[in-house]
Amino acid sequence: MLMKILLIIYHCEVGTVKPYQLVKPVPVTLVAVRNLIQQNELPRLPVPPLRQTCELYLRALEPVVEPDELKRTKDLVEEFQRAGGVGERLQRSLEQRADCTDNWLTEWYVKAFYMDLRKPLVIFSNAALILSPVTDRDTDLGQTRCAAKVISGNLDVKALIDSGTLPVEYMGGKQLCMKQCEQLMSACQVPGLKSDSLVFYSKSTTPPKHITVVHNFQFFKLDVYDSDGTRLTVDQLCVQLDRIRNSSKQSDVEPVGILTTQNRDTWSKTYSNLIKDETNRQSVSTIESSIFTVCLDGAMPPVSNDKYHQMLHGGGSQWNSGNRWFDKSMQVICGEDGTCGLNQSHAVIDGTSKMAFINQLVKIMKNPEVIQSPSEPLPMPQKLHFNITPEIQKDIDEAKQRVDILTQNLDLSVSVFKHFGKDVLKALKLSPDAFVQMAIQLAYYRIHHQCCPTEEPVSLRRFKLGRLTAINSNTRTSVAFVKAFDDPQKQNSERVHLMKKALEEHVWNAKKASRGQAITTHLFMLKALAAEENISIPGIFTDSSFFKVFDYKLVTSQVTSKVGCTSFMASEDFNAYSMCYSTFNEQFNFTVFYLHGSKTCTNNKAANLLRAVEDAMLDMRTLLENNITLECF
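Residues numbered from 1 in each chain as written. Predicted model: local features only at pLDDT ≥ 70, side-chain atom pairs only at ≥ 80, totals over all residues. Heavy atoms only, no water.

Caption draft 1: Region of interest: the overall build of the chain. Looking only at helices and strands, the chain features 22 helices and 19 strands. Against the 2.2 N^0.38 benchmark of 26 Å for 633 residues, the chain shows a C-alpha radius of gyration of 25 Å, consistent with a compact globule. Taken along its principal axes, the extent of the C-alpha atoms in the chain is 75 × 55 × 55 Å. Burial analysis of the chain (633 residues in total) assigns 59% to the buried set. Accessible area of the chain: about 25,600 Å², with a carbon and sulfur share of 50%. Treating the 71 positive side-chain charges of the chain as one cloud and the 70 negative ones as another, the clouds have centres 3 Å apart. (Helix = DSSP H or I, 4+ residues; strand = E, 2+ residues; numbered from the N terminus. Rg over C-alpha atoms; globule rule 2.2 N^0.38 Å. Buried < 20%, exposed > 50% of the residue type's maximum accessible area, 1.4 Å probe, protein only. Areas by Shrake-Rupley, 256 points an atom, 1.4 Å probe, with all protein chains shown as cover. Lys, Arg positive; Asp, Glu negative; His and termini not counted. Charge placed at Lys NZ, Arg CZ, Asp CG, Glu CD.)

Caption draft 2: Representation of the packing of helix H16 (residues 432-448) against helix H17 (residues 476-485) within the structure. Where H16 contacts H17, the axes come no closer than 9 Å and their chain directions differ by 55°. In terms of axis orientation, H16 runs oblique to H17. Between H16 and H17 lies a crossing of right-handed hand. The segment H16 lies against H17, with Met 438, Gln 441, Leu 442, Tyr 445 and Arg 446 engaging Ser 478, Phe 481, Val 482, Lys 483 and Phe 485. Taken together, the residues of the contact of H16 with H17 sort by class into six nonpolar, two polar and two charged. (Axes fitted to C-alpha atoms, helices over the stretch in contact; angles between N-to-C directions. Parallel < 35°, antiparallel > 145°, perpendicular 65-115°, else oblique. Left-handed = near helix turned anticlockwise from the far one by under 90°. Contact = heavy atoms within 4.5 Å. Nonpolar A, V, L, I, M, F, W, Y, C, P; charged D, E, K, R; others polar.)

Caption draft 3: Geometry of the packing of aromatic side chains. If you walk through the whole model with that rule in mind, you get 27 aromatic pairs. Judged by centre distance (6.5 Å) and plane angle (70°), the rings of Phe 219 and Phe 386 are edge-to-face. Pair noted here: Phe 219 is in strand S8 (residues 218-223) and Phe 386 is in the loop between strand S12 (382-383) and helix H14 (390-409), with a separation of 167 residues, a long-range link. Linked through ring pairs, Tyr 57, Phe 80, Phe 524, Phe 541, Phe 546, Phe 547 and Phe 550 together constitute an aromatic cluster. Sitting over the ring of Tyr 225, Lys 209 keeps its end group 5.3 Å from the ring centre. (Phe/Tyr/Trp six-rings, centres within 6.5 Å; stacked < 30°, edge-to-face > 60°. Lys NZ or Arg CZ within 6 Å of the ring centre and 35° of its normal.)

Caption draft 4: Focus on the environment of Cys 452. Looking at where Cys 452 falls in the secondary structure, it is placed in the loop between H16 and strand S14 (454-459). Cys 452 gets classed as buried once you look at its relative accessible area, which sits at 3%. Each C-alpha atom, one on Cys 452 and one on Gln 441, is 8.3 Å from the other, the two residues being 11 residues apart in sequence. In this view, Cys 452 contacts Gln 441, Tyr 444, Asn 474, Lys 553 and Leu 554; residues no more than four positions away in its chain are not counted.

Caption draft 5: How the structure looks around the nonpolar core. Judged by nonpolar contacts, the single largest core of 51 residues is most densely connected at Leu 131, Ile 211, Phe 292, Phe 357 and Ile 358. Here Ile 358 is in contact with Leu 129, Leu 131, Leu 342, Val 563 and Cys 565, once residues within four sequence places are set aside. (Core = buried A, V, L, I, M, F, W, Y, C linked by side-chain atoms within 4.5 Å.)

Caption draft 6: Structural detail: H16. The end-to-end C-alpha distance of H16, which contains 17 residues, comes to 24 Å, matching closely the 24 Å that a straight helix rising 1.5 Å per residue would cover. The buried fraction of H16 amounts to 13 of the 17 residues, a majority that puts the element mostly inside the structure. Two residues or fewer past H16, His 449 is found with a positive phi of approximately 60°. (Expected span 1.5 Å × (residues − 1).)

Caption draft 7: Spotlight on the sheet that holds strand S13 (residues 410-417). Taken together, six strands build an open sheet; the order of strands is S13-S19-S18-S16-S14-S15 and the sheet is mixed. Two strands in the sheet have a free side with no partner beyond their single neighbour: S13 and strand S15 (468-472). Across the sheet, the mean angle from the axis of one strand to that of its neighbour is 20°, orientation sign disregarded. Pairing of strand S18 (residues 577-583) with strand S19 (residues 588-595), which is carried by seven bridges, proceeds in the antiparallel orientation. Within S19, the residue paired with Tyr 581 across the bridge is Phe 590. (Pairing = 2+ DSSP bridges.)

Caption draft 8: Broad picture of the pairing of strand S16 (residues 554-558). Burial analysis of S16 places four of its five residues in the buried class, which makes it a mostly covered element. Judged from the two bridges that link them, S14 and S16 form a sheet pairing that is parallel. Looking across to S16, one finds that Thr 454 is bridged to Leu 554. In terms of strand pairing, S16 meets S18 through five bridges, oriented parallel. Directly across from Gln 558, in S18, lies its bridge partner Tyr 581.

Caption draft 9: Main features of the pattern of salt bridges. Tallied over the entire structure, the rule returns 32 salt bridges. Where Asp 265 meets Arg 118, a salt bridge forms, and the shortest distance between an N and an O atom there is 2.8 Å. Linking Asp 265 in helix H10 (residues 264-274) with Arg 118 in the loop between helix H6 (106-115) and strand S2 (127-130), this pair joins segments that are 147 residues apart in sequence. Taken together, the salt bridges that share partners define one network made up of Arg 118, Asp 196, Arg 264, Asp 265 and Asp 327. (Salt bridge = Lys/Arg side-chain N within 4 Å of Asp/Glu carboxyl O.)

Such coordinate-based values are descriptive only and should not be taken to indicate function.
Here you go:
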């Protein structure tokens, strides 16, 4: 997703390489220290050397472009990095920016990847998560009580964030930036023509004290703090949520929230018309400024993996897609049966930071409820009203049609792979993540008989304000491995050797990227600076090779929950795969999406790829166990 978005946006307008080595996966640990102190101790993101990036870029091109095209690109790269050339000029500009900012990448990253993205937030951008039952009895509590518990837990985490005492994560002895957790609540992405804006209401002089609740497409303002600042208890929240449910039994209300599923330019125009009316403006402002939105859903369509669809997009206009406000940084979604989850903005938080938040949420929710004496009577939640003009009604009808096409075209498959987990791979001295990535490469090749650029995000949270960069899992060594694996002319010893080299290169690339040396964000930032400084775009960035290597047909992401929650996101483009996976000691969890470009297409591409990945993992393990000893790796 990361680089493909940039290709769309900008299309419209090296030192010595060290040997590879396998590394042992490093666990994340928590330490309870004050966030503000921790934040100031983090290092700044370094700027990679220009020559190193150019060398690694050419290496990344080798499995993607033809030899004659690569030769032409090498000439363009040499021209770009020559002494006194435009590459050196742009590199100096970037280094100067790095010297005077906390993070040279993050502000531009958020704007380029999210604010300038014109596709809908639903499916294309927002991520989702299913909360596992906190206790065995939770699934019997019903919608209201489960929602109240999640609301209360979120407010407890908010208290930790506000006081700067949210436990800090460490990986390999290195502190990780926790800034993103501060942005998850009291924030909203406001639509704009050509570019959106992020508003963080927690930074205002009067931070919000309310959440918004939507039931049967009707929105309510619910104050979650008493007049003296005391937070509502779970029992009090249940009373207020029941009041809302009883006040919104009418189900034929026009779903204003479905407007947030539209293309961002389309929604921006509708938004401007909508808030011309003062009542509408106040209602929208109340939703946008709320701490978060709670969605009390109705029934879902009888489809497989319905909870994944519910948390990601709501099931379509006839179900719950209008029972949302997708611009909100966080939506708590509660099904009729008490199943809860989140829909969250990627603009404010990435997967690993979200899991830090979720781990604290679930930990808190497992604590016994505090019994408090009854307080003064609670005020009635305030219903938010909208005046729907004929023009707005037309926009709502159009949004219904478009979101239905999207949801119908989304192919989804889920699997729990129980044959083995990361313990087996660690015993073989292998990186579990690299193993899965190579299995994905082999599976794709077996289906499509070709390799494709494949994105894997890499966290930059070891740096101050760090977000994400990306690596390409499709490398020279991975291509050699997948082509040899089923080749009857190859010996098993050669297959094992090629697998080892592919795994080593993937680990090396990921490790280098996590240290701030990725080529992707570096190159795109240099290109952005050329446009910013009114320099003619260098040929390296207009070359066809540049577009090919970052034209990802397969986007992958590993996000593993310590508390049993399932995190996922859908395809970021039509006719492309998205695969999310989690690694556990004895199993792997997979979620695969494929967004068809035609609504008439019924090919189960997601399920086919998932089956192929599982087969590839089994075949790779069999090859290793039958042909190597532990000392081989």
